[in-house]
Amino acid sequence: MSRNKKGIVINGWLNIDKPEGLTSNQVIGRVRRALNAQKLGHAGTLDPLATGILPIALGEATKTIQFAQDHDKVYSFTITWGEARNTDDREGEITHTSDKRPAVTDITALLPRFIGEIEQTPPQFSAIKIDGERAYDLARSGEQVEIKSRLVSVYDLKLLGTTADTATLELHCGKGTYVRAIARDMGLILGCFGHVSALRRLAVGQFSTENAISLDTFEKMAQSADPDRFLLPVETVLDDIPALALTDDEISRIKQGQTLKLLSRQDISRLDIAGIDETTDLVLAIGDNKPLALLEKDGIQLHPVRVFNL
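Keep in mind that this is a model prediction, so the values were computed, not measured.

(A) Structural detail: the pairing of strand 12 (residues 150–162). With five bridges connecting them, strand 9 (residues 116–120) and strand 12 associate as antiparallel partners. Across the sheet, Gln 120 pairs through a bridge with Arg 150, a residue of strand 12. Taken together, the seven bridges between strand 12 and strand 13 (residues 166–173) define a ladder with antiparallel strand orientation. Each bridged residue has a counterpart across the sheet, and for Gly 161 the counterpart in strand 13 is Thr 168. In textbook terms, the turn of a hairpin is the stretch between consecutive antiparallel strands, and for strand 12 and strand 13 this stretch comprises three residues.

In structure tokens:
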């Protein structure tokens, strides 16, 4: 680690278990202060009412945030029946009410409709951009906007338990899926309205509650221990990208932003061993036993698109 006027350069990932009541940016601020870190970012916003996994990238790991955001996610959440709210969660204003409550059999019978490639309209209070502005900013100003529906992937949705007024479920989904929209739509179909009253993110790719650290515990331990102790490697979110070890000459060329052409029989053998074929779009270049760059593969050519300074 090195110091400059803006703080300490720290590279890697933190798996923080976010507490309720804080925004994701507030968590970033507290981690920054605890480490005096120079550069941070997070992979996927959690609303203040939500708890759970908030992967935080530091230093060169910020160049890999999009890959963490693309990973599958797992949530547990509770729907409270009988009220629709303008935010589709408990923090919003009540817009509709109902005395009807769904039977457990009705809930379980509905679940298959929300599994697979489903069409979903994001909530009015969401980060979707409408003519360059965030939907939640327009909604807060009282403007009702039309948000286009889109296809999202839901791999599994199961009922964990119920009470007279609630249902708790677990969701395994792909990028861009809104839990609040699922609660809203289930309530509408069941004819009783519904909103998210509790939400916990259990996993983002390899980041899970099993290997997470609470924000309070992290802050206390960061004062008395080496910050590297808590860090996961920069390449943590790149595990599904094939890795290729480079020669000294290739390392030098990549650092200068040059393209590699792999033509020889030996080169082809190296690609085969690394599991790189004609379907591969992206390659993780390894130099001196650490991540060097992400390379875009175009036929026999590898172009550097992100170079890591590690």
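Okay, back to it.
(B) Local environment of the pattern of salt bridges. One pass over the full model with this rule turns up 14 salt bridges. A salt bridge links Arg 30 to Asp 216, with the nearest nitrogen and oxygen atoms 3.0 Å apart. Pair noted here: Arg 30 is in helix 1 (residues 24–35) and Asp 216 is in helix 6 (residues 215–222), with a separation of 186 residues, a long-range link. The exposure class assigned to Arg 30 is partly exposed, which follows from its relative accessible area of 21%. In this structure, Glu 219 and Arg 30 form a salt bridge, with 2.7 Å as the shortest nitrogen-oxygen distance. Of this pair, Glu 219 sits in helix 6 while Arg 30 is found in helix 1, placing the two residues 189 residues apart along the sequence. Where salt bridges share partners, they join Arg 30, Asp 216 and Glu 219 into one cluster.

(C) Main features of the pairing of strand 5 (residues 51–58). When you tally the buried positions in strand 5, you get eight out of eight residues, the bulk of the element. One ladder, built from seven bridges, connects strand 3 (residues 12–18) with strand 5; its direction is antiparallel. Within the sheet, the bridge partner assigned to Leu 14 lies in strand 5 and is Ile 56. Summarising the sheet, strand 4 (residues 40–42) and strand 5 pair through three bridges and their orientation is antiparallel. What sits directly across from His 42, in strand 5, is Ile 56. Relative to strand 14 (residues 194–204), strand 5 runs parallel, the two being bridged by two bridges. Along strand 14, the bridge assignment pairs Gly 52 with Arg 201.

About the cut-offs
Residues numbered from 1 in each chain as written. Predicted model: local features only at pLDDT ≥ 70, side-chain atom pairs only at ≥ 80, totals over all residues. Heavy atoms only, no water. Pairing = 2+ DSSP bridges. Helix = DSSP H or I, 4+ residues; strand = E, 2+ residues; numbered from the N terminus. Salt bridge = Lys/Arg side-chain N within 4 Å of Asp/Glu carboxyl O. Buried < 20%, exposed > 50% of the residue type's maximum accessible area, 1.4 Å probe, protein only.

Fair warning: the whole summary comes from geometry, so function is off the table for now.
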